[in-house]
Amino acid sequence: EGFFYGAASFGGSLVSLLIFSTAVTSEIRKGTIRLTLSKPVSRFQYLLGKYLGGVAVMAAYAVAVTLALLAFSASSGAELSPVMKYAPWLMFCRQLMLGSVAMLLSFFVHPAVACALAFFAGNGLCSADNPLYYLLPSYSPFNLFLTIIEGTFITSHDVLLLTLYALDFVVLMLLLAWWRFQGKEVC
């Protein structure tokens, strides 16, 4: 189940990065954003709508992964690790964090570069000795692969704190993306 979760989490990360990094910038490049913004839709509403669309896709992905995991467990007769009851939710939170960073960065650089930067920025490449450690997101606590393999435990209090961290981080990234989008020429 750990390897299934690891593969599903990685696949979801790739989907999240692709969706969120291109959601707005592809519309800007094509010029189709002008049609939408000519209506009584603010840039904030547009950005939030695009983000929530990505959230819906990632929620569907998390549900599909959960159902597949349950089917796999039932068919193999294996009992799920207690950590697995939190794994899909934390995977979903991690993917939203990744997506929000990719969306923000896509306003500054090409979406492919934004994807790479968003992915590697918070995957533990910086140690606590490095000042960037305190500025970049930390996706590591959301990755339960080793927790599942080692059989260690995670509490609901830990999940609540991680959820609040993810929510806070996503809101901050969206506000920064909105700030950048406000000054972006779309015509």
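Parameters at a glance
- For every chain, the first residue of the written sequence is number 1, and numbering continues from 1 onward in sequence order.
- The predicted nature of this model means local features are confined to residues of pLDDT at least 70 and side-chain atom pairs, given and counted, to a pLDDT of 80 or more, with totals for whole chains, interfaces and linings taken over all residues.
- To obtain the side-chain values, all non-hydrogen atoms of the structure were included, while hydrogens and water were left out.
- Each patch is built from salt-bridge-free residues with over 30% relative accessible area, joining like charges within 9 Å and nonpolar side chains (Val, Leu, Ile, Met, Phe, Trp, Tyr) within 5 Å.
- Accessible surface is estimated by sampling points in the Shrake-Rupley manner with a 1.4 Å probe; for residues, cover comes only from the protein chains shown.
- Take a side-chain nitrogen of Lys or Arg and a carboxyl oxygen of Asp or Glu: if they are within 4 Å of each other, that pair is a salt bridge.
- Helix and strand definitions here come from DSSP, where helices need a minimum of 4 consecutive H or I residues and strands a minimum of 2 consecutive E residues; each element is numbered from the N-terminal end.
- Relative accessibility under 20% of the residue-type maximum defines a buried residue, over 50% an exposed one, and the middle range a partly exposed one, all with a 1.4 Å probe and only protein chains included.
- A helix is expected to reach a length of 1.5 Å times the quantity of its residues less one.
- Contact criterion: two residues are considered in contact whenever any of their non-hydrogen atoms come within 4.5 Å of each other.
- Using a grid of 1 Å spacing that covers the protein atoms alone, one calls a set of points a cavity when a 1.4 Å probe fits there but cannot get out, and a pocket when the set is open and has protein on both sides within 12 Å along at least five of seven lines; lining residues are those with an atom within 4 Å of a point.
- Grid points are joined across faces, edges and corners, and a volume is the space filled by probe spheres set on the points.
- Classes in brief: Ala, Val, Leu, Ile, Met, Phe, Trp, Tyr, Cys and Pro nonpolar; Asp, Glu, Lys and Arg charged; the others, Gly included, polar.

A. Broad picture of a nonpolar patch on the surface. A cluster of nonpolar side chains, contributed by Phe 44, Leu 48, Leu 52, Leu 160, Leu 161, Leu 164, Leu 167, Val 171, Leu 175 and Trp 178, occupies part of the molecular surface with about 880 Å² of accessible area. The element contributing the most residues to the nonpolar patch is helix 8 (residues 156-182), with seven residues. For Trp 178, the position within the fold is in helix 8. Residue class for Trp 178 comes out partly exposed when judged on its relative accessible area of 31%.

B. Just helix 8, in detail. If you check helix 8, its first and last C-alpha atoms are 38 Å apart, about what 27 residues at 1.5 Å a residue would give, namely 39 Å. The inward-facing, buried residues of helix 8 abut helix 2 (25-30), helix 3 (33-37), helix 4 (43-76) and helix 5 (87-106).

C. Representation of empty space enclosed by the protein. Under the criterion given, the structure shown has one cavity of 30 Å³ or more. Reported here for the largest cavity is a volume of approximately 30 Å³. Lining the largest cavity, in full, are Phe 4, Tyr 5, Val 65, Leu 69, Met 84, Ala 87 and Pro 88. At the level of elements, helix 1 (2-22), helix 4 and helix 5 are the ones that each hand at least two residues to the lining of the largest cavity. Grouping the amino acids of the lining of the largest cavity by side-chain chemistry returns seven nonpolar, no polar and no charged.

D. Fine view of the environment of Leu 14. With respect to the secondary-structure elements, Leu 14 resides in helix 1. Residue Leu 14 is classed as partly exposed on the basis of its relative accessible area, which comes to 43%. Taking C-alpha positions, Leu 14 is 8.8 Å from Phe 119, a pair spaced 105 residues apart along the chain.

E. A look at the environment of Ala 177. By secondary structure assignment, the location of Ala 177 is in helix 8. For Ala 177, a relative accessible area of 0% corresponds to the buried category. Here the alpha-carbon distance between Ala 177 and Leu 104, two residues 73 residues apart in the chain, equals 4.6 Å. Ala 177 has contacts with Leu 47, Leu 104 and Phe 107, leaving out every residue within four places of it along the chain.

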